[in-house]
Amino acid sequence: MLKWGVARRWITSTACRSNILSELKQRGLVSQISQPESWLSSRLKEGKKIKLYCGVDPTAKSLHLGNLVPLMVLLNFYVRGHDIVTLVGGATGRVGDPSGRKSERSAMEDLVRETNVNSIGKQLQRFFLKGKEYYETKIRENESRRFGEHILEDNYHWWKDVKMLDFLAQYGRHIKIQSMLSRDSVAARLSNQNSMGFNEFTYQILQAFDFYHLYKEHGVMVQVGGNDQWGNITAGIDLIGRLEEKIKEKPAFGITVPLLTTSTGEKFGKSAGNAVFIDPEVNTPFDIYQFFYNTTDADVERFLNIFTLLTSSEITEIVKEHAKNTHLRSGQKILAREITELLHGKDSSKEAEQVSDILFASVRSGDLSLSGETLVNICSKANILQYGSKSETLIELIARLTNGSKSEAKRKIAQGSVYLHSDRIKAIDNVTNWEPYLIDKTVLLMKLGKQNTFVVKLQ
Ligand SMILES: Nc1ncnc2c1ncn2[C@@H]1O[C@H](COP(=O)(O)OP(=O)(O)OP(=O)(O)O)[C@@H](O)[C@H]1O
Ligand SMILES: N[C@@H](Cc1ccc(O)cc1)C(=O)O
């Protein structure tokens, strides 16, 4: 089995690796780069600093794992000394990005949006602060630390004072309707029955102008986003090209990342309703750890490349070790540990790791050597202990713990995806008498599907 102490010693400074674009491609973090790529590549090879930005709309209270993919591109640049700007879309969030959507978004209350702007802003700050700390654990004593600067912007600051007449007079002629109509986000909606409002149609102008503003005011050269953002990003490159005379000397670029999808091919995110949020109040470090601990063997290498700053030789070694004994889940454990520590700091994964090992081994084998009291103690310390009453039925318990309906809970039981006490005891019906399933008459281990294990203290 791969010992983590061993893996840690392999780590070499990524700052030494200068060919960052090739490395990002090799990590699977690049879907498209705009032209002239060779210009950007040579500038980076010459060791010149650049500034990049990525924006997030405040359509939820928290960032989710899908959002981390473009942010990991920024983090890779940041730890090599490049400057980054993260933007929260206080203005664009009022309009609603049609990219990748079949129908219009419902309007959001001002207060909700403002709360989201605040919390997403804090998370963006925290992500790069923690990312810096995480990367520092990877640098050797004598290696230099060369981080860039990170600033946070809210596009409402420059949009709030823009007057429509002035905007149209100054920029209108440079924005071409033909290009706007041809963007995927618009063309797709025009070709189906779903109508599109003028707000959504003009969204690309807002994002294009943001890029222009950041290019001009902050020297931002590259915009990064998911590949559903390609149209919005190239709209910005077009606008900068039309407005800036010196564009040949200092071109603007777009880099998109592949969209992280679920096993059924759906974009992982808020709209699809399958997001894993990184806010610890929504998903605890344990939840994040669990999510990655349950990664399929086939995804371990891909996720190590995308979500960690381990080097490719370290990843190759981890994957090699993992393949020797996949049932030990050494690859999943390192992946889960790295991401939890990246998001929540050094040692944040320790408890989650201990609890996961115990739960995984016990639920799998049914051989539980821990007493109910010990289980309650470690799970309550890790903040994952659930409470219930023996008078609740299994259907009621599942519905409550999953925030779902009773009929969904019934369906889960009928589908055979509910296990009580261990993987060997599948629930086939509703349960009213808990005694046969409890550890020390009080603790219930319940597994729902492959991903979720609940530890419930029944009183
Ligand atoms: N699953 C994903 N994989 C890669 N990038 C993603 C994913 N989901 C979102 N992103 C990227 O994160 C950035 C911010 O996205 P945004 O805040 O709009 O989230 P979203 O999940 O796409 O929202 P929504 O589902 O409401 O459209 C964008 O560049 C977007 O492309
Ligand atoms: N349109 C992006 C968010 C964004 C907003 C403004 C920008 O300038 C850049 C990006 C998205 O929905 O994912």
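Residues numbered from 1 in each chain as written. Chains lettered and ligands numbered in written order. Predicted model: local features only at pLDDT ≥ 70, side-chain atom pairs only at ≥ 80, totals over all residues. Heavy atoms only, no water.

In the nomenclature of an unreviewed UniProt entry, the protein is known as Tyrosine--tRNA ligase of Naumovozyma castellii. Per its UniProt entry, the protein bears the Sequence similarities (unreviewed entry) comment "Belongs to the class-I aminoacyl-tRNA synthetase family." UniProt lists a comment for the protein under the heading Catalytic activity (unreviewed entry), and it reads "tRNA(Tyr) + L-tyrosine + ATP = L-tyrosyl-tRNA(Tyr) + AMP + diphosphate + H(+)". (UniProt positions renumbered as here; feature names shortened; annotations may be inferred.)

A.B. asks: Go over the pattern of salt bridges, please, and point to the residues and values.
C.D. replies: Inspection of every chain in the model, using the stated rule, returns 20 salt bridges. Linking Asp347 and Lys350 is a salt bridge whose minimum nitrogen-to-oxygen distance equals 3.2 Å. When its relative accessible area of 53% is taken as the criterion, Lys350 is described as exposed. Here Arg400 and Glu392 are joined by a salt bridge, their closest N and O atoms 2.7 Å apart. Judged by relative accessible area, Glu392 falls into the buried class, the value being 13%. (Salt bridge = Lys/Arg side-chain N within 4 Å of Asp/Glu carboxyl O. Buried < 20%, exposed > 50% of the residue type's maximum accessible area, 1.4 Å probe, protein only.)

A.B. asks: Break down the sheet that holds strand S3 (residues 83-88) for me, with residues and values.
C.D. replies: With mixed pairing, the 6 strands of this open sheet are ordered in space as S1-S6-S5-S2-S3-S4. In this open sheet, the two strands that pair with only one neighbour each are strand S1 (32-33) and strand S4 (150-154). Sheet topology places strand S5 (residues 222-226) next to strand S6 (residues 253-257); 5 bridges connect them, and they run parallel. Along S6, the bridge assignment pairs Gly225 with Thr256. (Pairing = 2+ DSSP bridges. Helix = DSSP H or I, 4+ residues; strand = E, 2+ residues; numbered from the N terminus.)

A.B. asks: Pulling in residues and values, what's your account of the site of ligand 2?
C.D. replies: Around ligand 2 lies a shell formed by Tyr53, Gly55, Asp57, Leu87, Thr92, Asp97, Asn155, Tyr203, Gln207, Asp210, Gln223 and Gln229. If ligand 2 stood free it would expose 340 Å²; the protein chains cover 88% of that surface. Within the residue set of the shell around ligand 2, elements represented by two or more residues are strand S2 (51-56) and helix H11 (198-218). In terms of residue count, the dominant contributor to the shell around ligand 2 is H11 (3 residues). Its residues placed into classes, the shell around ligand 2 shows 3 nonpolar, 6 polar and 3 charged. (Near = heavy atom within 4 Å. Areas by Shrake-Rupley, 256 points an atom, 1.4 Å probe, with all protein chains shown as cover. Nonpolar A, V, L, I, M, F, W, Y, C, P; charged D, E, K, R; others polar.)

A.B. asks: Mind laying out the packing of helix H19 (residues 394-401) against helix H20 (residues 406-414), listing which residues take part and the relevant values?
C.D. replies: At their nearest, the axes of H19 and H20 sit 8 Å apart, and the two run at 115° to each other. One way to sum up the angle between H19 and H20 is to call them roughly perpendicular. Relative to H20, H19 is oriented so that their crossing is right-handed. On H20, the residues touching Leu394, Ile395, Glu396, Ile398 and Ala399 of H19 are Lys406, Ala409, Lys410, Lys412 and Ile413. In terms of residue class, the contact of H19 with H20 is made up of 6 nonpolar, no polar and 4 charged. (Axes fitted to C-alpha atoms, helices over the stretch in contact; angles between N-to-C directions. Parallel < 35°, antiparallel > 145°, perpendicular 65-115°, else oblique. Left-handed = near helix turned anticlockwise from the far one by under 90°. Contact = heavy atoms within 4.5 Å.)

A.B. asks: So, the pairing of S2: which residues are in play, and what are the values?
C.D. replies: Of all 6 residues in S2, 5 are buried, a share of seventy percent or more. Of the strand pairs in this sheet, S2 and S3 are connected by 6 bridges, and their pairing is parallel. When the sheet's bridge partners are listed, Lys51 is paired in S3 with Asp83. For the segment spanning S2, helix H4 (residues 65-78) and S3, crossover handedness is right-handed. Note: S2 against S5, 2 bridges, orientation parallel. Residue pairing across strands places Leu52 opposite Val222, the latter belonging to S5. (Right-handed = clockwise from strand over helix to strand, strands pointing away.)

A.B. asks: Tell me about the nonpolar core, and please be specific about residues and values.
C.D. replies: Counting residues in hydrophobic clusters, the biggest one holds 79 residues, and the most contacted among them are Leu71, Leu75, Phe77, Phe127, Val222, Phe292 and Phe307. No other element matches H4, which puts 10 residues into this core. Aside from chain neighbours lying at most four places away, what touches Phe127 is Leu68, Leu71, Met72, Leu75, Leu342 and Leu343. Ranked by size, the runner-up nonpolar core spans 28 residues in total, among them Val85, Trp158, Phe167 and Ile237. (Core = buried A, V, L, I, M, F, W, Y, C linked by side-chain atoms within 4.5 Å.)

A.B. asks: Help me get a handle on the sheet that holds strand S10 (residues 452-458), residues and values and all.
C.D. replies: Pairing between sheet strands relies on hydrogen bonds along the backbone, with the strands arranged either parallel or antiparallel. Strand order in the open sheet formed by 4 strands is S7-S10-S9-S8, and the pairing between neighbours is mixed. Edge positions in the open sheet fall to strand S7 (385-388) and strand S8 (418-420), since each of these has one partner strand only. Across the sheet, the axes of successive neighbouring strands diverge by a mean angle of 30°, strand direction being ignored. The sheet strands contacting helix H18 (residues 372-381) are S7, strand S9 (443-448) and S10, and the helix crosses S9 at an angle near 60°.

A.B. asks: Lay out helix H3 (residues 37-45) with the relevant residues and their values.
C.D. replies: Of all the residues in H3, the buried ones are Leu40, Ser41 and Leu44. The buried residues of H3 occupy an angular sector of 100° when projected down its axis, which confines them to one face. Pointing more than 90 degrees away from the buried face of H3 are the exposed residues Ser38 and Lys45. Here the buried face of H3 lies against helix H2 (20-26), H4, S5 and S6. Among the residues trailing H3, Gly47 stands out with phi positive, at a value near 85°. (Arc of directions from axis to C-beta.)

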